Amino acid sequence: MKTVAQVIQTKQIKQVHTVDADDTVLNALQVMADHNIGALPVTENGKVIGVVSERDYARKCVLKGRASVGTMVREIMSSPAISVNSKMSVQECLSLITDRHLRHLPVLEDNQLVGLVSIGDLVKETIAEQEQLIRQLEQYIRGEV
């Protein structure tokens, strides 16, 4: 099973965009739209304190009639941030995402943000590993190994 570090290395987009807790929701939405991403780690004084997603916006802003211009990210973010480290396995992260009903996990090393993995990243890696195992088993059965 691969580690989070290996998943991060294979991601096409390596830069992690963030938003400050005191930025407006409109600014966070603009960053997400500019980079075609669905969530941002939220920082305060350089530390990750939460995650804000399009889902947070829909549920905590739109459905409650709040304006994205006057609402601060800290008011709608999911907090505290549930994070992982780069040594954790894909399976451990999938279990955490499933148990906690999450979609994104900030990756921290020595309290510094080094990446962000999504449920999609983890499922994609799991499928790739299973496909490789199936190919190996088929070769073994055919006596090609």
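Since the model is a prediction, treat every value here as computed from it, not as a measurement. (Residues numbered from 1 in each chain as written. Predicted model: local features only at pLDDT ≥ 70, side-chain atom pairs only at ≥ 80, totals over all residues. Heavy atoms only, no water.)

Things to note about the pattern of salt bridges
Okay, step 1: Inspection of every chain in the model, using the stated rule, returns eight salt bridges.
Okay, step 2: Between K87 and E109 there is a salt bridge, and its shortest N-O distance comes to 3.9 Å. Note that K87 is positioned in the loop between helix 4 (73-76) and helix 5 (90-100) and E109 in strand 4 (residues 104-109), a separation of 22 residues in sequence.
Okay, step 3: Residue K87 is classed as exposed on the basis of its relative accessible area of 65%.
Okay, step 4: In this structure, R142 and E144 form a salt bridge, with 2.8 Å as the shortest nitrogen-oxygen distance.
Okay, step 5: Counted as one network, the salt bridges with shared partners bring together D22, E44 and R74. (Salt bridge = Lys/Arg side-chain N within 4 Å of Asp/Glu carboxyl O. Helix = DSSP H or I, 4+ residues; strand = E, 2+ residues; numbered from the N terminus. Buried < 20%, exposed > 50% of the residue type's maximum accessible area, 1.4 Å probe, protein only.)

Observations concerning the nonpolar core
Okay, step 1: Counting residues in hydrophobic clusters, the biggest one holds 15 residues, and the most contacted among them are V4, V84, C93, L105, V107, V117 and L122.
Okay, step 2: Where this core is concerned, the elements lending two or more residues are helix 1 (4-10), helix 5 and strand 4.
Okay, step 3: When residues of this core are assigned to their parent elements, the largest contribution, five residues, is made by helix 5.
Okay, step 4: When sequence neighbours within four positions are dropped, the list of residues in contact with V4 reads V84, N85, S86, M88, C93, V107 and V117.
Okay, step 5: Membership of the second largest hydrophobic core comes to 14 residues, among which are A21, M32, V52 and I76. (Core = buried A, V, L, I, M, F, W, Y, C linked by side-chain atoms within 4.5 Å. Contact = heavy atoms within 4.5 Å.)

Focus: a nonpolar patch on the surface
Okay, step 1: Side chains of I119, V123 and I127 sit close together on the surface and give an oily, nonpolar patch of about 210 Å² of accessible area.
Okay, step 2: Mapped onto the elements of the fold, I127 is located in helix 6 (residues 119-141).
Okay, step 3: A relative accessible area of 41% places I127 in the partly exposed class. (Patch = residues over 30% accessible without salt bridge, like charges linked within 9 Å, V, L, I, M, F, W, Y side chains within 5 Å. Areas by Shrake-Rupley, 256 points an atom, 1.4 Å probe, with all protein chains shown as cover.)

So, the side chain of D56
Okay, step 1: Mapped onto the secondary structure, D56 falls in helix 3 (residues 54-62).
Okay, step 2: On the accessibility criterion, D56 (7% relative accessible area) is buried.
Okay, step 3: Side chain to side chain, D56 and S78 meet in a polar contact 2.9 Å long.
Okay, step 4: Each residue touching D56, except ones within four places of it in the same chain, is listed here: V51, C61, I76, M77 and S78. (Polar contact = N/O pair within 3.5 Å; in protein donor to acceptor, adjacent residues only side chain to side chain.)

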